[in-house]
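# Reading the structure
Take a look at the letters that make up each chain.
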Amino acid sequence: MAASSASIENYQSHSKLSKTEKKFLRKQTKARHTLLRHEGIESVSHATESLVIANGGLGNGVSRTQLLNIFERCGSVEALLMPPNKPYSFVRYRTKEESQKAYVALNGKEMVDDLGQNITLYLNFVEKVHWGDLRPSVLPPGLMIMEEIVSPEVEKILLESIDWTHNLVDENAQKSLKHRKVKHYGYEFRYDNNNVDKDKPLPGGLPDICNSILEKWLTEGHIKYIPDQLTINQYEPGQGIPPHIDTHSAFEDEIISLSLGAEIVMDFKHPDGHTVSVMLPQRSLLVMTGESRYLWTHGITPRKFDVIQASEGQKSGIITNDVGNLTLNKRGVRTSFTFRKVRRTPCDCSYHLVCDSQRCHQNETLPSFPENDKKASELEREYVHRVYEEIAEHFSSTRHTPWPQIVAFLKALPKGSVVADIGCGNGKYLGLSKDIYMVGCDRSQNLVEICGERQFEAFVCDALAVPIRSETCDACISIAVIHHFATAERRLATLQELARLLRPGGKALIYVWAMEQEYNKQKSKYLRESRDTKEKKEHLNSVVIPGTSSHNSVCSIPAINDLKDGDYNTNGVSNSKLPVHTNRTSFHSQDVLVPWHLKKDSRRDKGSEPLKPIPDLVGPHDPSTVFHRYYHVFCEGELEAACRMVNNISIEQSYYDQGNWCVIFKKL
Ligand code: MN
Ligand code: ZN
């Protein structure tokens, strides 16, 4: 309590405190601790120009105007920073005297927030203010908002034309929509399978008034074609719609939504977690195409207030992270007219991971977790060997840069050492040093051929049975290989095979993918390094698209399903199936299928055009094919534990390097 008392010394002498004062002090201290513990906001015991205002935030219904009115009474407010969805704000005065005045006058001040609830403000001085996430936001690619697309007169006609008493979707469906009113025209949208019955158009088609408006938009070039399905939703304040992607196979690329009656904020979310909040003004038209339609989820958070830009001016568009310019906006009743065109052929978009038409490459069904050795071997054949054979050329074009710690291991070997690279890929380590003799092997014929073209010694074999005599190698390396084996027994067997090859005193270096890779933390670093981008991104994987199973999970990391909640459930897979990961987010299961996007013209048997590495998330016009590679990503300590089961070796080093768990062991 000493520290907390010190902080209010300039508030009043604390020797003779009344009951109320003691209670206040307790609450103020609690507020300070909460801010420190949950938000990392550190308050100081001396006066500064800035105060953190606990309970006075957008997250608990306090608006910018309300706070400004109160705080400007104590001096001139230089900045009022209100982070979105947080129950606190920061105020900065020009002078310490002013902030001190506010500290004394407003600490413990009771007020009524915008939701009509009583709250008490608790103030503490801070040295630093949290500015929050200031990454500049841009609209999701393919998204457009056209303001004032209809006149207030037309808006009125449209709203009055809806007869809510007839043709409501059936009662059960209505219940699951949490009382949001919905009406369909043209085709009924079914919430059980998130699709439309394409052979059963509703009688009457779209309302005439809509057709004439759509014709006009088409002529004016706002839309590409005339839609044939209309869903009208009515959202009362407090209602929303869970984040979802409109089913690819149900509708064409262009989805448009007219906002009537009131404005609203819609949240768009990329699979990597990046969220962009967008203001849809009253009478505006939202047009979603390409990436914004296929890859990003969109949804409306159920709440009575939206966080919006405080300054006048630009009406539509992104709600920035500018904490100095946010406030609350009371929602009204918004009615949306969403027009879509029913799709007649399977979707052929480039966003395979979220595309129900392209659930898997070449109509294959997702494989299950292998129950026995035979199934494991089949899984490896289909989801490792065959895939690397197909992607060999493209894969090789993304593998140039040797990793420093592996280079260091090889360079430290005595001159004349015999080294086997088990799973050598395109041979990027084989030509590293003239002082050692290296031989490589790989399961992929095509990769071994690439080694041959580069004048390296390499042959085809499985890491479970290497045709090299026992105790002949001074060293072995196994880089990004063992994670492709589908059972713990098989992974252990590859380690035993490495040990068999080593002469007494010889050393093996092993790298396997780590479960604990964190995409966001590594992002900046990866962005800085432009070379070998694909190779590095390869180590940054992924939100499991719904149906996460956590087979063999040692880490027990909870699954996150951004695309799954509420009345839309896209892309479900059953639990016995291996989950497919979206690249560039963290792992949620140890046994996974990791996609490889291959350009169709980059296959080895189709000419020898120069290859460019392609990004993991390909653009809308990229004619790529996706392959799934099986991986068992290792948890911390798992590789080391497996090595400890190998006889006649000692573990020399165990470390983490660029998204991999690594072990160096020595043959005894
Ligand atoms: Mn939608
Ligand atoms: Zn699609």
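How each quantity is defined
- Each residue is numbered by its place in its chain's sequence as written, counting from 1.
- Each chain gets a letter, beginning with A, and each ligand a number, beginning with 1, in the order they are written.
- Whole-chain, interface and lining totals are the exception, using all residues; otherwise, since this is a predicted model, local features are given only for residues with pLDDT of at least 70 and side-chain atom pairs are given and counted only at 80 or more.
- Hydrogen atoms and water are omitted, and side-chain values are computed over all heavy atoms in the structure.
- For helices the rule is a DSSP run of H or I covering at least 4 residues; for strands it is a run of E covering at least 2, with both sets numbered from the N terminus onward.
- Throughout, exposure labels follow a simple rule: accessible area from a 1.4 Å probe, protein chains only, divided by the maximum for the residue type, with under 20% read as buried, over 50% as exposed, and the rest as partly exposed.
- Throughout, a residue-residue contact means that at least one pair of heavy atoms, one from each residue, lies within 4.5 Å.
- To measure how exposed things are, a 1.4 Å probe is used in the Shrake-Rupley method; for residues, cover is taken only from the protein chains shown.
- The rule is simple: put a 1 Å grid over the protein atoms alone, call a set of points where a 1.4 Å probe fits but cannot get out a cavity, call an open set with protein on both sides within 12 Å along at least five of seven lines a pocket, and count a residue as lining if it has an atom within 4 Å of a point.
- Grid points are joined across faces, edges and corners, and a volume is the space filled by probe spheres set on the points.
- Gly is put with the polar residues, along with every residue not named as nonpolar or charged; the nonpolar set is Ala, Val, Leu, Ile, Met, Phe, Trp, Tyr, Cys and Pro, and the charged set is Asp, Glu, Lys and Arg.
- Working definition: rings of Phe, Tyr and Trp (its six-membered ring) pair if their centres are within 6.5 Å, and the pair is stacked with planes under 30 degrees apart, edge-to-face with planes over 60 apart, and tilted otherwise.
- Only Lys NZ and Arg CZ are tested; either one counts as a charge over a ring when it is within 6 Å of the ring centre and within 35 degrees of the ring normal.
- In protein, a polar contact requires one atom able to donate a hydrogen and another able to accept it; more generally it is a pair of N or O atoms within 3.5 Å, and residues adjacent in sequence count only if both atoms are side-chain atoms.
- Nonpolar core, defined: a set of buried Ala, Val, Leu, Ile, Met, Phe, Trp, Tyr and Cys residues in which side-chain atoms within 4.5 Å join the residues together.
- Each metal's donors are the N, O and S atoms within 2.8 Å of it, or within 3.2 Å when it is Na, K or Ca, and because water is not part of the set, sites may look incomplete.
- Criterion used throughout: strands pair if DSSP finds at least two bridges between them.

For the protein chain, the count of helices and strands is 15 helices and 33 strands. Across the 668 residues that make up the protein chain, the buried fraction comes to 55%. Summarising the internal contacts of the protein chain: among those between residues at least 6 apart in sequence, 73% fall at separations of at least 24. For the protein chain, the exposed area adds up to about 29,400 Å²; of that, 51% sits on carbon and sulfur atoms.

What follows deals with empty space enclosed by the protein. On inspection of all chains with the given rule, the structure shows four cavities of 30 Å³ or more. There is about 610 Å³ of room inside the largest cavity. Surrounding the largest cavity, 37 residues form its lining, Gly423, Asp442, Ile479, Ala480 and Val481 being those nearest its centre. A per-class count over the lining of the largest cavity returns 18 nonpolar, nine polar and ten charged. No other element matches strand S22 (residues 334-340), which puts four residues into the lining of the second largest cavity. Across the lining of the second largest cavity, the residue classes tally to eight nonpolar, seven polar and four charged.

With that settled, the discussion passes to the packing of aromatic side chains. Counted by the stated rule, this structure contains 13 aromatic pairs. When the ring of tyrosine 103 is compared with that of phenylalanine 125, the centres are 4.5 Å apart and the planes differ by 10°; the resulting orientation is stacked. On the criterion of sequence distance, the pair formed by tyrosine 103 in helix H4 (residues 96-106) and phenylalanine 125 in strand S7 (residues 122-126) is long-range, its members being 22 residues apart. Using a relative accessible area of 1% as the deciding quantity, one classes phenylalanine 125 as buried. Between tryptophan 513 and phenylalanine 587, the ring centres sit 6.3 Å apart and the planes meet at 45°, which makes this aromatic pair tilted. With tryptophan 513 in strand S27 (residues 502-513) and phenylalanine 587 in the loop between strand S29 (581-583) and strand S30 (591-599), this residue pair connects regions lying 74 residues apart in the sequence. A relative accessible area of 1% places phenylalanine 587 in the buried class. Among the aromatic side chains, those forming a connected cluster through ring pairs are Tyr388, Phe395 and Trp596. Its guanidinium or amino end placed over the ring of phenylalanine 189, arginine 340 lies 4.8 Å from that ring's centre, counting from NZ or CZ. Above the face of the tyrosine 225 ring, lysine 341 is positioned so that its terminal group lies 5.9 Å from the ring centre.

What follows covers the side chain of serine 257. Mapped onto the secondary structure, serine 257 falls in strand S14 (residues 255-260). A polar atom in the side chain of serine 257 sits 3.0 Å from the side chain of threonine 338. Beyond its immediate stretch of four places on either side in the chain, serine 257 contacts Ser284, Leu285, Leu286, Arg334, Ser336, Phe337 and Thr338.

Leu495, Ile510 and Phe665 are the most contacted members of the largest nonpolar core, which totals 32 residues. Looking at which element gives the most residues to this core, the answer is helix H12 (residues 488-501), with five residues. Apart from the residues within four sequence positions on either side, leucine 495 is in contact with Ile482, Ile510, Leu639, Ala642, Cys643, Val646 and Phe665. Counting 31 residues, the second largest nonpolar core, distinct from the first, contains Ile53, Ile70, Met82 and Met111.

Another aspect to go through is the coordination of the manganese ion (ligand 1). Surrounding the manganese ion (ligand 1) are the protein donor atoms His244 (NE2), Asp246 (OD) and His298 (NE2), which sit 2.2 Å from the metal. The motif formed by the donor residues of the manganese ion (ligand 1), counted along the single chain, is H-x1-D-x51-H. Linking histidine 244 in strand S13 (residues 241-244) with histidine 298 in strand S18 (residues 297-300), this pair joins segments that are 54 residues apart in sequence. Histidine 244 gets classed as buried once you look at its relative accessible area, which sits at 3%. The class of histidine 298 is buried, set by a relative accessible area of 6%.

Further remarks concern the sheet that holds strand S16 (residues 275-280). The antiparallel open sheet is built from five strands, whose spatial order is S13-S18-S15-S16-S20. In this open sheet, the two strands that pair with only one neighbour each are S13 and strand S20 (317-318). In terms of strand pairing, strand S15 (residues 264-269) meets S18 through three bridges, oriented antiparallel. Its bridge partner lying in S18, lysine 269 is registered against threonine 297.

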